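# Residue-level structure breakdown
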Amino acid sequence: MHIAVLGGGPGGLYFAYLWKRRHPEAQIDLFEQNAPDATWGFGVVFSEQALEFLRADDPETVDAIAPEMESWNNITLNHRGESVEIDGVGFSSIGRLTLLSILQARALAVGVTAHFSNPIHSLDQLNGYDLIVAADGLNSLVRRSFEGDFGFSISYSTNKFAWYGTHKRFETLSQTFVKTARGTFNAHHYRYAPDMSTFLVECDRATWDHYGFAYKDVDQSKAICEEVFAEALGGGMLISNKSVWRNFPWVWNEHWFHKNMVLIGDALHSAHFSIGSGTRLAIEDAIALAKALEAEAHVATALARYQADRKPIVKKLVTAARTSANWYEKFPGHMQLDPLDFAYSYITRSGRIDDARLRAMSPRFMAAYEAAGQAGASENG
Ligand SMILES: Cc1cc2nc3c(=O)[nH]c(=O)nc-3n(C[C@H](O)[C@H](O)[C@H](O)COP(=O)(O)OP(=O)(O)OC[C@H]3O[C@@H](n4cnc5c(N)ncnc54)[C@H](O)[C@@H]3O)c2cc1C
């Protein structure tokens, strides 16, 4: 089979690697507009320990990636000058560029033909392939070319965010909430290498307007964020990399394939960064697509199987991501809670964790939360 993979992000690279490794006779051309060492963003986080979801099928890739990851078991919430730790919530992270470099090396080692610095401007450039895997991200050319056929829709969260890095090291995945005279901010921050952390700043629209961010350039915005988060940053600096303010885009497609073209990863769906699953979803899409292609004799039936098998799973995750994002859309209101109640509201925001599960998962946090509740009740009683 002659396959074109459009996009050298985690989804495209992983699909190309997986297929070529299992089917050495296949010809796979991967087209990536950027150079191999160019990337946006800083670290990405996975919502479980390392990449254990990959281990059963692909232990070698897990073994290549795992040593480069940072992992921890607690989340720290900083609110009103207090820090509350929620134990038992496993996360791990890795620099996006490190992850891509490992996946690139693995794809090249199995014989994928990678065309870096090679933007595709028209789908005519991909004529003649048996299958086109569109792993070309949020602004996918393939999807844009057939939006109606894919049943594409997009909407935007109202909050604004900007993705920075910093050399400040954080000991756990952390969330810092800050109220200033002009508004409310939060930051999602975590280290992804011994000396580098992601620092993602978010604020509600009213705050964004009060600060006039629409009229500030990247450096001016960065300076304001450094001032707002001076305590969390220990007076350190933020690092910008195309760190413009954005609204989170909710991308969805009802139909996952059209003719011989199939969508995976961010081209197909987006999942809010607060649940840390975009990269994992892209890799899992790649695995599901490869399995469907192996299970069916014809490309058309394989693509239908990919959609039928994978769509319900992705839908569930996207729904959870929306619930999580809705909590963030209202975070200035939640900030009126005292730190323990605030932390409880945060950790139960998806509606999927009840008290019994929380007691089992986060015994130290729940003991503190319940003791504070009882103390409050006896003071009031
Ligand atoms: C602020 C923010 C924070 C995030 N944090 C996390 C996180 O903590 N954890 C997590 O898992 N995910 C996170 N994500 C999401 C994650 O980055 C994406 O979900 C993931 O990268 C999707 O992988 P992908 O391969 O589908 O697409 P991408 O990584 O977007 O890759 C698409 C590739 O296609 C290339 N391309 C596009 N068009 C063309 C063209 N015409 N020709 C050639 N090449 C082209 C692009 O250059 C790019 O390399 C975050 C996203 C954002 C915006």
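My aim in this report is to walk through the structure given alongside it, one point at a time.

### Looking at the sheet that holds strand β7 (residues 91-95)
Spatial strand order, β3-β7-β4: 3 strands in an open sheet with antiparallel pairing. This sheet does not close on itself; its edge strands, each paired only once, are β3 (43-46) and β4 (70-72). Between one strand axis and the next, the sheet turns by 20° as a mean value, whatever way the strands run. With 3 bridges connecting them, β4 and β7 associate as antiparallel partners. By the bridge assignment for β7, S71 is matched with S92.

### Observations concerning the nonpolar core
For soluble globular proteins, the rule of thumb is that nonpolar side chains tend to be buried together. Residues Y14, F15, L126, V133, V142, L289 and Y306 are the most contacted members of the largest nonpolar core, which totals 77 residues. Ranked by residues supplied to this core, first place goes to helix α9 (residues 278-295) with 9 residues. By size, the runner-up hydrophobic cluster in this structure holds 25 residues, among which are F91, W327, F331 and F365.

### Re the environment of E68
Structurally, E68 can be placed in the loop between α3 (59-65) and β4. Residue class for E68 comes out partly exposed when judged on its relative accessible area of 41%. For the pair E68 and T98, spaced 30 residues apart in sequence, the C-alpha to C-alpha distance is 7.7 Å. With residues near it in sequence (within four places) discarded, E68 still touches S93, I94, T98, I102 and Y192.

### Focus: the side chain of R143
Residue placement: R143 occurs in helix α5 (residues 141-145). Among buried Asp, Glu, Lys and Arg side chains, R143 stands out as unpaired, with E147 the closest opposite charge at 5.2 Å. A distance of 3.0 Å separates a polar side-chain atom of R143 from the backbone oxygen of A267. Look past the residues within four positions of R143 in its chain and what remains in contact with it is G137, L138, F150, F152, V251, N253, L263, D266 and A267.

### Considerations on the site of the ligand
Near the ligand you find 33 residues, and of these E32, V45, R96, D266 and T279 are the closest. Contact between the ligand and G11: an oxygen atom at 2.9 Å from a main-chain N or O atom of the residue. The contact in question runs from an oxygen atom of the ligand to an N or O atom on the side chain of N34, over 3.3 Å. Of all the elements in the fold, those that place two or more residues in the shell around the ligand are α1 (10-22), β3, β10 (152-166) and α9. Sort the elements by how many residues they give to the shell around the ligand and α9 lands first, with 3 residues. Tallied by class, residues from the shell around the ligand come to 15 nonpolar, 13 polar and 5 charged.

### A few points about the pairing of strand β2 (residues 27-31)
Most of β2 sits out of view: 4 of its 5 residues are buried. Two strands pair when backbone bridges link them, and strand β1 (residues 2-6) and β2 are joined in this way by 5 bridges, in the parallel orientation. Opposite I3, over in β2, you have I28 as the bridge partner. Taking the sense of rotation as the criterion, the β-α-β connection linking β1, α1 and β2 turns out right-handed. Direction of pairing for β2 relative to strand β8 (residues 113-115): parallel, over a ladder of 3 bridges. Bridged to F31 within β8 is H115.

Rules used in this analysis
Starting afresh in each chain, residues are numbered from 1 along the sequence in its written order. Local features are withheld for residues below a pLDDT of 70 in this predicted model, meaning they are given only at 70 or higher, and side-chain atom pairs are given and counted only at 80 or more; totals for whole chains, interfaces and linings count all residues. Based on all heavy atoms of the structure, the side-chain values leave hydrogens and waters out of the count. Two strands pair under a simple rule: DSSP has to find at least two bridges between them. Numbering of helices and strands runs from the N terminus; a helix is a DSSP stretch of H or I covering at least four residues, while a strand is a stretch of E covering at least two. In this analysis an axis means a line fitted to C-alpha atoms, helices contributing only their contacting stretch, and an angle means the value between N-to-C directions, from 0 to 180 degrees. Working definition of a nonpolar core: buried Ala, Val, Leu, Ile, Met, Phe, Trp, Tyr and Cys residues. They are joined through side-chain atoms within 4.5 Å. Only protein chains enter the accessibility calculation, which uses a 1.4 Å probe; a residue is then buried when its area is under 20% of its type maximum, exposed when over 50%, and partly exposed in between. By definition in these notes, contact holds between two residues if any of their heavy atoms fall within 4.5 Å. Counting rule for charge: Lys and Arg are taken as positive, Asp and Glu as negative, and neither His nor the chain ends is counted. For this document, the term salt bridge refers to a Lys or Arg side-chain nitrogen within 4 Å of an Asp or Glu carboxyl oxygen. Counting of polar contacts relies on pairs of N or O atoms within 3.5 Å, with two restrictions inside protein: one atom must be capable of donating a hydrogen and the other of accepting it, and residues adjacent in sequence are counted only when both atoms are side-chain atoms. The rule for a residue being near a molecule or strand is that one of its heavy atoms must lie within 4 Å of it. Think of it as three bins: nonpolar holds Ala, Val, Leu, Ile, Met, Phe, Trp, Tyr, Cys and Pro, charged holds Asp, Glu, Lys and Arg, and polar takes everything else, Gly as well. Handedness of a crossover is defined as follows: with both strands directed away from the viewer, a clockwise route from the first strand across the helix to the second makes it right-handed.

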